[in-house]
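A look at the structure
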Amino acid sequence: MPSPRTKPQPLSDSEIQQIATDIAGGRPPMVWFTSAAVGVPEGRSGKVIALGDPADGDFLQVRPTGSKDVLSFSPTEVTLTKPPRGAAGTAAQPKSTTRKESAVTQPSTVTSAAPAPAGAPTPKPPASTPEAGEPDSASRGATKQAPAANAAKPAKAAARKPKAPEVTVTLSGTADGEWSVDVVSGKKRTVRGLPVASSAVAQAAKILHPEVAEVVAGVLETLRGAQEAKVQQLQAELEEAKRLLDELSD
């Protein structure tokens, strides 16, 4: 039987730190998938787009070459070392060799039967004995089981879905009663300082939660009182200006 394949070594701390440095510099590093990668052929390349929380295990966000999806992988499933050309085909060869060895095992049991007694006629081989180039029932059973085992990896890969980016919405208000909204999707700020009317802020606060509505209502009431006082002051200044103008006209 062929020797078992060597278990891939996970990325070291220094390699993960180098990946983080490249991402911060705007240069997503190229990696290659190992035999431990699920749903992706060994030796295929991809780019690390972001790093998540190492406590999650699969914290490397990788976009495989030729795909638009970003998938999560563990440090054991990728490597920074480019595999030699043709390595994937060489690794798959031992599987077909194992099936060939199991095919020739069954006929050997027929020849190992106890010899016939002396003087007895030589028995003819049974008609059901498989020919040299024809696989027996054991070989056909092993061939049917092989596709079922190979289908397990794509099924697990289909269950893995890209992680949705986190969205942060920030509402800001000034002492003059001006409101604005900032939106951050993942690590990118998509909306910055978008003006929002006070009435819209009050309606949104009522929908969100009673405690939020109470806080926002108190802020709006304070701003309303300040604006009313400002209007009264301006009206008094306007009346004084009209009086002075009337006196100058006389």
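The paragraphs below set out a description of the structure included in this document. Given the structure is predicted, the values throughout are model-derived calculations rather than measurements.

Next up on the list: the overall build of the protein chain. Tallying secondary structure elements over the protein chain gives 6 helices and 8 strands in all. Going residue by residue from the N terminus, the α and β elements of the protein chain occur as α-β-β-β-β-β-α-α-α-β-β-β-α-α. For the protein chain, buried positions account for 18% of its 250 residues. Across the protein chain, the fraction of contacts at a sequence separation of at least 24, relative to all contacts at a separation of at least 6, is 42%. Carbon and sulfur atoms form 58% of the exposed surface of the protein chain, whose accessible area is close to 18300 Å².

It is worth spelling out the environment of Val196 at this point. Mapped onto the fold, Val196 is located in strand β8 (residues 188-196). Between the C-alpha atoms of Val196 and Glu178, which are 18 residues apart in sequence, the distance is 7.6 Å. Residues in contact with Val196, not counting those within four places in the same chain, are Trp179, Ser180, Val181 and Val201.

A few words now on the sheet that holds strand β1 (residues 30-33). Sheet architecture is open: 5 strands sit in the order β4-β3-β2-β1-β5, paired in antiparallel fashion. Single-partner strands in this sheet number two, and they are β4 (71-73) and β5 (78-79). Examined bridge by bridge, β1 and β5 share 2 bridges and lie antiparallel to one another. Each bridged residue has a counterpart across the sheet, and for Phe33 the counterpart in β5 is Val78.

As a further point, take the pattern of salt bridges. The final tally for this structure, using the stated rule, is 5 salt bridges. When the shortest N-O distance is used, the salt bridge between Arg27 and Asp22 registers 3.6 Å. In this structure, the salt-bridge partner of Arg224 is Glu221, at a minimum N-O distance of 2.6 Å. On the criterion of helical spacing, the pair formed by Arg224 and Glu221 is a turn pair, its members being 3 residues apart in helix α6 (residues 210-249). Classification of Arg224 by relative accessible area gives partly exposed; the value is 42%. One connected set of salt bridges, linked through shared partners, spans Glu240, Arg243 and Glu247.

All right, on to the side chain of Asp182 then. Relative to the elements of secondary structure, Asp182 occurs in strand β7 (residues 179-185). Residue Asp182 is classed as buried on the basis of its relative accessible area of 17%. Only 2.4 Å separates the side chain of Asp182 from the backbone nitrogen of Gly193, close enough to count as a polar contact. Look past the residues within four positions of Asp182 in its chain and what remains in contact with it is Thr168, Val169, Thr170, Arg189, Val191, Arg192 and Gly193.

Quick look at the packing of aromatic side chains now. Throughout the structure, instances matching the rule amount to 1 aromatic pair. Between Phe33 and Phe73 the ring centres are 4.9 Å apart and the planes differ by 55°, which places this aromatic pair in the tilted class. Separated by 40 residues along the polypeptide, Phe33 in strand β1 and Phe73 in strand β4 bring together distant segments of the chain. Taken as a pair, Phe33 and Phe73 share a single burial class, namely buried.

The rules behind these values
Each chain carries its own residue numbering, running from 1 in the written order of its sequence. A pLDDT threshold of at least 70 governs which residues receive local features in this predicted model, and a stricter bar of 80 or more applies before side-chain atom pairs are shown or counted, although totals over entire chains, interfaces and linings include all residues. For side-chain calculations, the full set of non-hydrogen atoms in the structure is used, while hydrogens and water are omitted. Only DSSP runs of H or I reaching four residues or more are called helices, and only runs of E reaching two or more are called strands; each is numbered from the N terminus. Three exposure classes are used, based on accessible area relative to the maximum for each residue type with a 1.4 Å probe and protein chains only: buried under 20%, partly exposed in between, and exposed over 50%. Throughout, a contact is declared for two residues whenever any of their heavy atoms are within 4.5 Å. To be clear on the numbers: accessible area is Shrake-Rupley with a 1.4 Å probe, and residue cover counts the displayed protein chains and nothing else. Only strands joined by at least two bridges in the DSSP assignment are considered to pair. When a carboxyl oxygen of Asp or Glu is within 4 Å of a side-chain nitrogen of Lys or Arg, the pair counts as a salt bridge. Identification of polar contacts relies on pairs of N or O atoms within 3.5 Å, with a donor-acceptor requirement for protein atoms, meaning one able to donate a hydrogen and the other able to accept it, and with residues adjacent in sequence counted only if both atoms are side-chain atoms. In summary, the pairing rule links any two rings of Phe, Tyr or Trp, Trp by its six-membered ring, whose centres are within 6.5 Å, and it sorts them by plane angle into stacked for under 30 degrees, edge-to-face for over 60 and tilted for everything else.

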